[in-house]
Amino acid sequence: MTLPSTLFPDAELDAHDDAPLAGAPQGPFAGVALEQSIDRDLDYAIPPRLVDSIQVGQRVRVPLGRKNKPAFGYVVSIHPTTTYPKIKNLIDIEDARVLVGGPLMELSRWISRYYCTPLGMVIENIIPSAVRKKVGIGYSQIIRLAKSREEVQAILEKTTTPKRRAILARLLQLEPDGSIELTRLASEAGTKPPTVRKLARLGLITIRPEVDLPKFTADSGGAHGNQPDLKLNTDQEIAFEQLQPRMASGGFSVNLLHGVTGSGKTEIYLQCIRSVVAQGKQAIVLVPEIALTPQTVKRFTDRFKRVAVLHSGLSATERHRFWQRIAMGHADVVVGARSAIFAPIPNLGVIVVDEEHESSYKQDSAPRYHARDVAVKRAQLQNAPVILGSATPSLETFERVKHSKEPNYHYIPLPNRVMGLALPHVELVDLRTVNRMRRGVHLLSPRLEYLLKNTIDQGQQAILLLNRRGYSNFVYCPSCQHLMQCKYCDTTMTYHRSAGVHAEGASLKEGLHKGQLHCHYCLAVNALPDKCPQCGKLLSLFGLGTQRVEEEIAKKFPQLKFARVDSDSMRGSRDYEQTLGRFARKEIQMLLGTQMIAKGLDYPNVTLVGVISGDTALALPDFRAAERTFQLITQVAGRAGRGAVPGRVVLQTFMPDDPTIRSAMRQDYLGFATGELAHRKEVGLPPFSRLVRIILRDTDMDKLHKTAETLAAQLAEAIAQQGDGVSMKGPMPCAISRIAGYFRHQIVLGSPRASKLQNILSAVREKGHLAERDRIAVDVDPVSLL
């Protein structure tokens, strides 16, 4: 299988460390973005031996610093002149492949500018580590004649060098347009590979790498792909008729497919993708990592023969092979989580972002990009449509698309479930009233217990949601009011009970030592003392977590077969897949878990969903708390009633009158959005403004104060030069003011226009004020202010 010339140059190159140039710099020059956090491109002279082989997008090795320490980077430009007075020679081409082609290079530059990150770091993030390290794939060097057989015969007759004559004679024995592997040719000609390579420099032969990749199999995705499309209902037909012309004609467009849970959005994705694949184009499908289940993947592999699935569970070799197949055009559909947006497909036809509201699409380390927004930008750069799907769209997306005056933004509703199925009936349980009428501590209300028993007795299945792991979210001394806090963070530690430990029949004193205290921010783990370290009295547990619910269910329903699904119990993707497989086979009657079970699951036998505490996140000091609460409740409620039996949802809360809870109970997205958007517009929050959050951290509080004040002054100066339209708040402590031993301050910039914020950041960035990336983090369009 021969790679196209756009991926590989003609010849393999020998490593050689050239000395710095003497005198005036001589071109051509390569602009190189280093993988280190150097926030500018550096020019290097291209040695004569590399001039014909070097290309933009290749990974190269260059000398860096006074000691000329070899460093890796990427060629981002090639130009005849340079403004640098002293130039060093580029050492060598590290990887002959063009790892970042034209469209992806342009996208990388946009990410670098918009998300305020050095270009080299962006490209390093785009290319999987396995690809950079060439893990799991070797390729042979394939030799072909570069001239006609007559010309080579004439050269052979004039050649006096025995080894060169032997090489040319062997090549003339090949079939017309035939080829031979380099080491084999050298062996048969009685010479060595470097001698063969010299003929490439003379223009007599070409050397191209050839990769032997296995064909797609059931394990790697897409063994069948022959399942026919399903018949669309009326709502789906209307939606597809709007999308089909945009798939057929191409061109950039943003299409928000707003469909209630169970409305058949995935079927519309599949039929849109089939349309672009029939044109010889490829599709990228993004799904949240927690929704990237075998069930989700099977929907695509049942329809398409060549599907590449990218997720965190792949080995390095699998990831590299998928990447190579995609780059060679051997995958029609790429399905993956956030980083799949950078898949090097050669002919983009459509991008689908499922559950576009998911905060997991936002990366929490540099570059802090949002995959949904990068998808829109990539589609714009490559003139392709993008479909954003959700039952609960982010308010930014909803506001921009629904009320946009731009002709290529489209709102497409799917108001009803498929097959005429009704949305599940939601019952509200006021825990304030219930708890006053019961003795002891109960996490399950009588109503939820009754419905759970009936559901299981009827052979149906249930899902219980509590978006908080552990057993108890804080440990407290009632005598001296001491809270067990993390010594590295300004937050309480969460008590995790050891596996198999239950409190039934045991006093608090007997049971507490059988677990540990975990910090969910710095991941510190401490033993829990038997007594309060301040006063020596007994400690008490407050709050709740999935382990505590698990314990109560085990006591009240001893015959129930259930599984806890959270990041503590699911150590890897294999555990998650096996648990969902058992649930699909009805070996498990109930799932209890965090948001991992709130989306991506479609099991017709699930008729009951219980939300243990619907208001857990409402009190967080984050303006998106209400939106996230509504989305989570609505999404998990949508898991119920997808079969012949109607679904029920029990929503337990201490805040039954809260507008967010009431909207979630009615599953009224438009009502919630109207109220929340009005509030945000009144106080100038997104989507009616754009935000940039700059987080500064240091182990020394005094040094942190000084650094924060200095940066604030520099930002204020840039704002004054740019004119009105940008606000600045801070520096001020973050909501969690210390994490992992680092004190944290933040500065928040706001403006109705993103361009103004970009101008401010560019002005400060050019002066190097944001260069300390281990101490200063710039988060453009933050999804959280915690």
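A brief look at the structure comes next. Everything numeric here is computed off the predicted structure, so don't read it as measured data.

### Here's the deal with the overall build of the protein chain
- Counting secondary structure elements, the protein chain contains 23 helices and 30 strands.
- Whereas a compact globule of 786 residues would reach a radius of gyration of roughly 28 Å, the protein chain reaches 30 Å, a difference of no more than 12%.
- Along the three orthogonal principal directions, the C-alpha set of the protein chain runs to about 105 × 65 × 60 Å.
- Burial statistics for the protein chain: of 786 residues in total, 53% are counted as buried.
- Taking contacts inside the protein chain between residues at least 6 apart in sequence as the whole, the part at least 24 apart equals 77%.
- Accessible surface for the protein chain amounts to roughly 34700 Å². Of this, 51% is attributable to carbon and sulfur atoms.
- Across the protein chain, the 101 positively charged side chains and the 79 negatively charged ones have centroids separated by 2 Å.

### Comments concerning helix H18 (residues 573-584)
- The end-to-end C-alpha distance of H18, which contains twelve residues, comes to 16 Å, matching closely the 16 Å that a straight helix rising 1.5 Å per residue would cover.
- Buried within H18 are the following residues: Tyr-576, Thr-579, Leu-580, Gly-581 and Phe-583.
- If you follow the buried residues of H18, they end up packed against strand S17 (461-465), strand S23 (562-565), strand S24 (590-593) and strand S25 (606-611).
- One or two steps after H18, the chain reaches Lys-586, where phi turns positive at roughly 65 degrees.

### With respect to the environment of Arg-417
- You can see Arg-417 is positioned in the loop between strand S15 (409-414) and strand S16 (425-430).
- In the structure, Arg-417 is positioned 156 residues away from Thr-261 in sequence and 7.0 Å away in space, judged by C-alpha atoms.
- When near neighbours in sequence (up to four residues on either side) are disregarded, Arg-417 contacts Asn-233, Val-260, Thr-261, Gly-262, Ser-263, Ala-422, Leu-423, Pro-424, Gly-638, Ala-640, Gly-641 and Arg-642.
- Polar contacts involving the side chain of Arg-417 include one to the main-chain carbonyl oxygen of Ala-422, which spans 3.4 Å.
- A distance of 2.9 Å separates the side chain of Arg-417 from the backbone oxygen of Gly-638, its partner in a polar contact.

### Regarding the packing of helix H5 (residues 162-172) against helix H7 (residues 193-201)
- Relative orientation of the contacting elements H5 and H7 amounts to 75 degrees, with a least axis distance of 10 Å. The angle between H5 and H7 falls in the class roughly perpendicular. Contacts from Lys-163, Arg-164, Ile-167 and Leu-168 of H5 reach H7 at Thr-195, Val-196 and Leu-199.
- Of the residues in the contact of H5 with H7, the class split is four nonpolar, one polar and two charged.

### Focus on the pairing of strand S14 (residues 385-390)
- Counted residue by residue, S14 has six buried out of six residues, so it is predominantly covered.
- Of the two faces of S14, both are covered, the one formed by Pro-385, Ile-387 and Gly-389 as well as the one formed by Val-386, Leu-388 and Ser-390.
- Bridging between strand S9 (residues 253-259) and S14 involves six bridges; their strand directions are parallel. When the sheet's bridge partners are listed, Leu-257 is paired in S14 with Gly-389.
- Here four bridges tie strand S13 (residues 348-354) to S14, and the two strands are oriented parallel to one another. Each bridged residue has a counterpart across the sheet, and for Val-352 the counterpart in S14 is Ile-387.
- One crossover worth recording links S13 to the parallel S14 by way of helix H12 (residues 371-381), and it is right-handed.

### As for the packing of helix H19 (residues 625-637) against helix H20 (residues 659-666)
- Two numbers describe how H19 lies on H20: the axes approach to 9 Å, and their chain directions differ by 25 degrees. Relative to H20, H19 is oriented roughly parallel. The two elements H19 and H20 cross, and the hand of that crossing is right-handed. Between H19 and H20, the contacting residues are Ala-626, Thr-629, Phe-630, Ile-633 and Thr-634 on the first element and Thr-660, Ile-661, Ser-663 and Ala-664 on the second.
- Here the contact of H19 with H20 is composed, by residue class, of five nonpolar, four polar and no charged.

### Observations concerning the state of the cysteines
- Scanning the model with the defined rule gives zero disulfides in all.
- Among the cysteines around Cys-116, which has no disulfide bond, Cys-734 carries the closest sulfur, lying 17 Å off.

### Concerning the side chain of Arg-303
- With respect to the secondary-structure elements, Arg-303 resides in the loop between helix H10 (294-301) and strand S11 (307-310).
- Taking relative accessible area as the criterion, Arg-303 reaches 4% and is therefore assigned buried.
- A distance of 2.9 Å separates the side chain of Arg-303 from the side chain of Asp-229, its partner in a polar contact.
- Ignoring sequence-local partners within four residues, the contact set of Arg-303 consists of Gly-225, Gln-227, Pro-228, Asp-229, Leu-230, Glu-267, Leu-270 and Arg-274.

Reading the values: the criteria
- Residues numbered from 1 in each chain as written.
- Predicted model: local features only at pLDDT ≥ 70, side-chain atom pairs only at ≥ 80, totals over all residues.
- Heavy atoms only, no water.
- Helix = DSSP H or I, 4+ residues; strand = E, 2+ residues; numbered from the N terminus.
- Rg over C-alpha atoms; globule rule 2.2 N^0.38 Å.
- Buried < 20%, exposed > 50% of the residue type's maximum accessible area, 1.4 Å probe, protein only.
- Contact = heavy atoms within 4.5 Å.
- Areas by Shrake-Rupley, 256 points an atom, 1.4 Å probe, with all protein chains shown as cover.
- Lys, Arg positive; Asp, Glu negative; His and termini not counted.
- Charge placed at Lys NZ, Arg CZ, Asp CG, Glu CD.
- Expected span 1.5 Å × (residues − 1).
- Polar contact = N/O pair within 3.5 Å; in protein donor to acceptor, adjacent residues only side chain to side chain.
- Axes fitted to C-alpha atoms, helices over the stretch in contact; angles between N-to-C directions.
- Parallel < 35°, antiparallel > 145°, perpendicular 65-115°, else oblique.
- Nonpolar A, V, L, I, M, F, W, Y, C, P; charged D, E, K, R; others polar.
- Pairing = 2+ DSSP bridges.
- Right-handed = clockwise from strand over helix to strand, strands pointing away.
- Left-handed = near helix turned anticlockwise from the far one by under 90°.
- Disulfide = S-S within 2.5 Å.

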